[in-house]
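# Examination of the molecular architecture
The residues making up each chain are set out below.
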Number of protein chains: 2
Amino acid sequence: MTSGLDLRARLDKALQEFLQQAMPPVVSIADELVPLVSALEGFVLAGGKRLRPAFCYWGHRAAGAEDSEQIIRAAASLELLQACALMHDDVIDRSDTRRGAPSVHRRFAALHRAEDWRGDPEGFGEAAAILLGDLALIWADTMLADCGFPADALQRAQPVWDAMRVEVMCGQYLDVVEQARGGGSVDRALRVARLKSAKYTIERPLHLGAALGDGGPELATALSDYGLPLGEAFQLRDDVLGVFGDPGVTGKPAGDDLREGKRTALVALAFAAANDAQQQQLRGRLGDPNLDGDGVTVLREIIAATGALAQVEMLIAERLDAALGALAAAPVTPVAEAALSDLAAAVSHRTG
Amino acid sequence: MTSGLDLRARLDKALQEFLQQAMPPVVSIADELVPLVSALEGFVLAGGKRLRPAFCYWGHRAAGAEDSEQIIRAAASLELLQACALMHDDVIDRSDTRRGAPSVHRRFAALHRAEDWRGDPEGFGEAAAILLGDLALIWADTMLADCGFPADALQRAQPVWDAMRVEVMCGQYLDVVEQARGGGSVDRALRVARLKSAKYTIERPLHLGAALGDGGPELATALSDYGLPLGEAFQLRDDVLGVFGDPGVTGKPAGDDLREGKRTALVALAFAAANDAQQQQLRGRLGDPNLDGDGVTVLREIIAATGALAQVEMLIAERLDAALGALAAAPVTPVAEAALSDLAAAVSHRTG
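Residues numbered from 1 in each chain as written. Chains lettered and ligands numbered in written order. Predicted model: local features only at pLDDT ≥ 70, side-chain atom pairs only at ≥ 80, totals over all residues. Heavy atoms only, no water.

Attention now goes to the interface of chain A and chain B. Many analyses report the size of an interface as the accessible area lost when the parts associate. Chain A puts 54 residues into the contact, and the matching count from chain B is 54 residues. Here chain A meets chain B over a buried area of about 4,700 Å², counting both sides, of which 69% is carbon and sulfur. Counting the surface chain A buries against chain B, the share from its top three residues, Glu32(A), Leu131(A) and Tyr173(A), is 15%. At the junction of chain A and chain B, the tally comes to eight salt bridges. Note that Arg165(B) and Asp141(A) form a salt bridge whose closest N and O atoms lie 2.9 Å from each other. Broken down by element, the side of chain A that touches chain B gets its largest block of residues, 17 residues, from helix α7 (residues 151–181) of chain A. Looking at the side of chain A that touches chain B, its residues break down into 31 nonpolar, nine polar and 14 charged. (Contact = heavy atoms within 4.5 Å. Buried area = accessible area lost by both parts, 1.4 Å probe. Salt bridge = Lys/Arg side-chain N within 4 Å of Asp/Glu carboxyl O. Helix = DSSP H or I, 4+ residues; strand = E, 2+ residues; numbered from the N terminus. Nonpolar A, V, L, I, M, F, W, Y, C, P; charged D, E, K, R; others polar.)

As structure tokens, this is what we get:
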């Protein structure tokens, strides 16, 4: 019916169609807005795993709703919300790259330099990325509102949509606070993971699709039982990839999270199990912006030697099991059960 | 019926009630979110002229709709959108103050210092202000959707709401581009003014209220004929206040726009009429972050001596006349005509 590849192509087409009608009124205001909206188009069409739309789509089908262009458009709108979250996150983290290419604020800093404009190119780049993120957040809303579902379906979806948007921004803030605190708490790291990944990436998209398909509270609970542990598995896999991932697959430099000093559950577990010498190395090197390949290797070895890596792999496996167990017991259509089972495996074992 | 003062109190009450039910679910996620949502509450309740809500309310009454709590809530939601625009603007402009108090990013930089957290306090402050602005943008949407109007009224309002949100962000971007270019074009400065002030502050709020009141296209056109020139008058007054305003009334340091190097129509007109010596002074001092009181006085004198100030006052008077003329001919209720006439005078002659 709708294989992963098919779904991706249909989501991309929906995004392209939405942008093709949303962009001209903006561009007609002033030519200077062309680079801005083009950057958004490039960003959403260039990459991304389309995970949130996939969960939204299958949450809809799980409720017994038919495949439709409406649900494709509604699901695709999540990519615009995600574009906002990523652009703002990259400004906050001062990240140079995203999806293997320069981040939006870096692109606009480059535009500033190319035009030989006045003032600080980096400041200009950040301004553009903040405002383009805002535009993406607004367009996410427009795309969902215009997706073609009747008013009563949209009304059912609205509380989920509102909660989802609020939670992702609050999750980002707690993440920033956690980095500022220097981390150290496995509990707090998992709380951030729950918000940013379990709820925002998986549970809420499932609920959004289910609400648009008129799924009842029993289905919503079952989807949470599947989605929340799977979301934690997703985030824990993300933590592992941020340290051990292959740059060719992740699109981020090797050991990027180490250089950034990200306080993940993986790092918190490594700290908890490290001996004095290992603690000293971790403290000295984590968050060093100039950390080189050798430094990355040293930290990787310590994180593996403390047993933290193995512990995280076990946590991932446990959560995947819990998700699949909940799915088997859930009142969902067989076609959705098969797809959600595949998605669970893909999310937990992905390499990028 | 609803005097300016009454309206303000009712708008504030609606905002307070919305936040009182929106904040607890966020705070229940984590205690660390208390300062974040409290900062938003403080920001929207502390100040602001409530201009956009007033135009929205009177656009509604102009369409012949009755006074209601629904329109108060819908109008008040514009203050949350404005909170987003201002918080992000202050990050972009690196402004220290807003509404006579430290800007949001400065407040969170201070929190970072008080907690003795790791990393750059300014970076933390900016992150918080970006994310809190996002939250305000999301809550604006929620407050409008939940204002109590039936689905068909909200559906009529949606295209206006979408256009308004897109325009304010695009206006901000064009403003940033204009500063980076070093300005110099009266036309481009007026184009930014049209987007940021004429459309966003006046025309769109009028249209939003009218759409919620089922006003037809004839009314929308009449409201544009009134709102667009008035919006330009508003922005031109803003330009004058940014240079000549009393800090005790504006809540901003004296000559703030000069220190920032803002390329307004007033400045563009001064450049166009300046002799060589005046041009040199303007070029040398505009945008100097260390410009002191004497420097502000020198620039004020030049801007007045070139005749630019008098020209802008004339432009304001012309636009106010045009707005009042359009209002007299507009198919609006008498109560709305009186209120919109008062608002026009207040907007054009305000001192802060």
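So that's the structure; there's more coming.
Glancing now at the relation of the copies chain A and chain B. Mapping chain A onto chain B calls for a rotation angle of 180 degrees and an axial translation of 0.0 Å; the resulting RMSD is 0.0 Å. Considering both components of the superposition, the chain copies are consistent with a two-fold axis. Comparing interface residues between copies, 100% of those in chain A also lie at the interface in chain B; the contact surface is shared. (Least-squares fit on C-alpha atoms with pLDDT ≥ 70 in both.)

To continue, consider the pattern of salt bridges. Counted by the stated rule, this structure contains 62 salt bridges over all chains. Residue Arg350(A) is joined to Asp238(A) by a salt bridge in which the shortest nitrogen-to-oxygen separation is 3.2 Å. Here the residue Arg350(A) occupies a position in the segment after α16 (334–349), and Asp238(A) occupies one in helix α9 (residues 217–244), the gap between them amounting to 112 residues. Residue class for Asp238(A) comes out partly exposed when judged on its relative accessible area of 23%. Two residues, Glu167(B) and Arg204(B), come together in a salt bridge whose shortest N-O distance is 2.6 Å. In this pair, Glu167(B) is assigned in helix α7 (residues 151–181) and Arg204(B) in helix α8 (residues 186–212), connecting sequence segments 37 residues apart. Judged by relative accessible area, Arg204(B) falls into the buried class, the value being 15%. (Buried < 20%, exposed > 50% of the residue type's maximum accessible area, 1.4 Å probe, protein only.)

Any functional reading would require information beyond the geometric quantities listed.
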